[in-house]
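Observations on the model geometry
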Amino acid sequence: VQLQASGGGLVQAGGSLRLSCAASGRTFSTFSVGWFRQAPGKECEFVAHIRRSGGSTFYEDSVKGRFTIARDNAKNTVHLLMNNLKPEDTAVYYCTAGERIIITTIRRWHAYDYWGQGTQVTVSS
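Presented here is an overview of the structure given in this document. Per chain, residue numbering runs from 1 following the sequence as it is written. Residues qualify for local features only when their pLDDT is at least 70, as the model is predicted, and side-chain atom pairs are given and counted only at 80 or more; totals for whole chains, interfaces and linings, by contrast, use all residues. For the side-chain quantities, the full set of heavy atoms in the structure was used; hydrogens and water were omitted.

Attention now goes to the environment of Asn73. Looking at where Asn73 falls in the secondary structure, it is placed in the loop between strand E7 (67–72) and strand E8 (77–82). Residue exposure (1.4 Å probe, protein chains only): buried if accessible area is under 20% of the type maximum, exposed if over 50%, otherwise partly exposed. In this structure Asn73 comes out as partly exposed when scored by relative accessible area, which is 25%. Along the chain, Asn73 and Ser62 lie 11 residues apart, while their C-alpha atoms are 27 Å from each other. Residue contacts for Asn73: discarding those within four places in its chain leaves Phe28, Ser29 and Arg52. By the criterion applied in these results, polar contacts are pairs of N or O atoms within 3.5 Å in which, for protein atoms, one can donate a hydrogen and the other can accept it, and in which residues neighboring in sequence qualify only through two side-chain atoms. There is a polar contact of 2.7 Å between the side chain of Asn73 and the side chain of Arg71. Segments assigned H or I by DSSP are reported as helices when at least four residues long, segments assigned E as strands when at least two residues long, and all are numbered from the N terminus. We call two residues in contact when some of their heavy atoms are within 4.5 Å.

Here is the structure:
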């Protein structure tokens, strides 16, 4: 499956952005999807995950209550709505997908088989 992330940009602290991850090439509903981010000089960090059906979602603690992940399997798309953005959210955001990701591994970047190209999110203070 090919993943295309979009929606990044420059926003002031407290603002919002909606990232999108468009998939092609395979039946998207068979994949669980995750978002990761990487800031300059830092390791890749888990952000959010949604199961294949969309029935279960998981978040990194620092984004809980501010970010929402959702999917539309009919449109082969996953969105990450980010509200109340903070300067520490600044990073390149990547969407990822995998077919056999068990719950205990969703926060590990190497558990995912496919990665998009990344989209830059910059939050100014």
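Another aspect to go through is the packing of aromatic side chains. In summary, the pairing rule links any two rings of Phe, Tyr or Trp, Trp by its six-membered ring, whose centres are within 6.5 Å, and it sorts them by plane angle into stacked for under 30 degrees, edge-to-face for over 60 and tilted for everything else. Within this structure, the stated rule accounts for five aromatic pairs. Note on Phe36 and Phe46: the rings are 5.7 Å apart at their centroids and 75 degrees apart in plane angle, and the pair reads as edge-to-face. Of the two residues, Phe36 sits in strand E4 (residues 32–38) while Phe46 sits in strand E5 (residues 45–50), which places them 10 residues apart along the sequence. For the residue pair Phe36 and Phe46, the accessibility class agrees, reading buried in each case. The interplanar angle of 40 degrees and the centroid separation of 5.5 Å between the aromatic rings of Phe36 and Trp115 together place this pair among those described as tilted. Highlighted residues: Phe36 in strand E4 and Trp115 in strand E10 (residues 114–115), separated in sequence by 79 residues. The partly exposed category is assigned to Trp115, whose relative accessible area is 32%. Feature note: the residues Phe36, Phe46, Tyr94, Tyr112 and Trp115 constitute an aromatic cluster, connected by ring pairs. Positioned above the aromatic ring of Phe28 is the side chain of Arg71, whose terminal nitrogen or guanidinium carbon lies 4.7 Å from the ring centre. Two thresholds decide whether a charge sits over a ring: the Lys NZ or Arg CZ must be within 6 Å of the ring centre and within 35 degrees of the ring normal.

Sheets are built from strands that pair by backbone hydrogen bonding, the pairs being arranged parallel or antiparallel. When DSSP finds at least two bridges between two strands, those strands are taken to pair. Judged by pairing direction, the sheet is antiparallel, and its four strands sit side by side in the order E1-E3-E8-E7 without closing on themselves. At either end of the open sheet lies a strand with only one pairing partner, and these are strand E1 (2–6) and E7. Averaged over all neighbouring strand pairs, the angle between strand axes comes to 15 degrees, with direction disregarded. Taken together, the six bridges between E7 and E8 define a ladder with antiparallel strand orientation. Bridge pairing links Ile69 to Leu80 in E8. For helices, the fitted axis covers only the stretch in contact; all axes are lines through C-alpha atoms, and the angles between them, taken along N-to-C directions, range from 0 to 180 degrees.

Attention now moves to the state of the cysteines. Note that a disulfide, as used here, is simply two cysteine sulfur atoms within 2.5 Å. This structure, assessed with the given rule, holds one disulfide. Two residues, Cys21 and Cys95, share a disulfide whose sulfurs are 2.3 Å apart. Taking the torsion about the S-S bond as the criterion, the Cys21 to Cys95 disulfide, at about 65 degrees, is right-handed. Placement of the pair is Cys21 in strand E3 (residues 17–24) and Cys95 in strand E9 (residues 91–98), with a sequence separation of 74 residues. Cys21 sits in the buried class, given a relative accessible area of 0%. Sulfur of Cys44: no disulfide; nearest cysteine sulfur belongs to Cys95 and is 12 Å away. Accessibility expressed as a relative area gives 24% for Cys44, which makes it partly exposed.

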